[in-house]
Amino acid sequence: MHEMSLAEGVMGVIEDAQRAAPNGADWVVRTVRLEIGQLAAVEVQALRFAFDVVKHDTVANAAVLEVIDMPGTAWCMKCGDTVAIAQRGDGCPQCGSHQLQVTAGDELRVKDIELA
Ligand SMILES: [Zn+2]
């Protein structure tokens, strides 16, 4: 399950942020906001579960994971336009072409971390 390694990656970002913060050791993480693209093939439930496991006994022990869904978009070569797609392999909603290049929605990134 690759959500476990994603959760470990998120934990790594949190630890880096804490090290960079003044008096980082005195802070606890309240909220972690993640942007997850619709095309990223991430099981959000599985990621939440994995994060609950990796945050145990860390500064993020009480942290709440907030997930922001990022829409998938692609560039259609036929239309010469950016179109919305719900999943990889979908055709262009305007012309049906599959000559699409994904431009957004395949990312997973930590948007921000709330320390308190
Ligand atoms: Zn098109």
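Heads up: the structure comes first, above all this text.
What you are looking at is a predicted structure, and each value in this text was computed from that prediction instead of being measured.

> Honestly, the packing of helix α1 (residues 2–20) against helix α2 (residues 44–54) in this entry has me stumped. Any pointers?
A packed helix pair is summarised by two numbers, namely the angle formed by the two axes and the spacing between the axes. Packing of α1 against α2 leaves a shortest axis separation of 8 Å and a crossing angle of 55 degrees. Relative to α2, α1 is oriented oblique. Where α1 crosses over α2, the two elements pack in a sense that is right-handed. Judged by residue contacts, E3, M4, L6, A7, E8, V10, M11 and I14 of α1 engage A46, L47, A50, F51, V53 and V54 from α2. A class-by-class count of the residues in the contact of α1 with α2 yields twelve nonpolar, no polar and two charged.

> Would you mind showing me how to read the coordination of the zinc ion here?
For the zinc ion, every protein donor is listed as C76 (SG), C79 (SG), C92 (SG) and C95 (SG), and the spread of their distances is 2.2 to 2.4 Å. Considering all four donor atoms around the zinc ion, angles at the metal cover 106 to 114 degrees and the coordination shape is tetrahedral. Here the donor residues of the zinc ion are spaced in sequence according to C-x2-C-x12-C-x2-C.

> Explanation requested: α2 in the structure shown.
Because the α-helix completes a turn every 3.6 residues, residues three or four places apart line up on one side. Buried within α2 we find A46, L47, A50, F51 and V54. What you see down the axis of α2 is that its buried residues fit within an arc of 135 degrees, all on one side. Away from the buried face of α2 by more than 90 degrees, exposed residues Q45 and F49 are located. On its buried face, α2 sits against α1, β1 (29–37), β2 (64–70) and β6 (108–115).

> What should I look at first to understand the nonpolar core in this one?
It is characteristic of soluble globular proteins that their nonpolar side chains tend to be buried jointly. One finds V10, I14, V32, L34, F51 and A60 to be the most contacted residues of the largest nonpolar core, which totals 18 residues. Those elements that place two or more of their residues in this core are α1, β1 and α2. Leaving out residues up to four positions away in the same chain, L34 has contacts with V10, L47, L65, E66, V67, I68, R109, V110 and K111.

> Got a minute to help me understand the sheet that holds β6 in this structure?
In a beta sheet, neighbouring strands are held together by backbone hydrogen bonds and run either parallel or antiparallel to one another. The strand order across the open sheet built from three strands is β2-β1-β6, with neighbouring strands paired in mixed fashion. Single-partner strands in this sheet number two, and they are β2 and β6. Strand-to-strand, the axes of this sheet are offset by a mean angle of 20 degrees, without reference to chain direction. Along the sheet face, α1 touches β1 and β6 and points at about 45 degrees away from the line of β6.

Scoring rules and cut-offs
Residues numbered from 1 in each chain as written. Predicted model: local features only at pLDDT ≥ 70, side-chain atom pairs only at ≥ 80, totals over all residues. Heavy atoms only, no water. Axes fitted to C-alpha atoms, helices over the stretch in contact; angles between N-to-C directions. Helix = DSSP H or I, 4+ residues; strand = E, 2+ residues; numbered from the N terminus. Parallel < 35°, antiparallel > 145°, perpendicular 65-115°, else oblique. Left-handed = near helix turned anticlockwise from the far one by under 90°. Contact = heavy atoms within 4.5 Å. Nonpolar A, V, L, I, M, F, W, Y, C, P; charged D, E, K, R; others polar. Donors = N, O, S within 2.8 Å, 3.2 Å for Na, K, Ca; no water. Tetrahedral: all angles 85-135°; square planar, octahedral: opposite > 155°, others 65-115°. Buried < 20%, exposed > 50% of the residue type's maximum accessible area, 1.4 Å probe, protein only. Arc of directions from axis to C-beta. Core = buried A, V, L, I, M, F, W, Y, C linked by side-chain atoms within 4.5 Å. Pairing = 2+ DSSP bridges.

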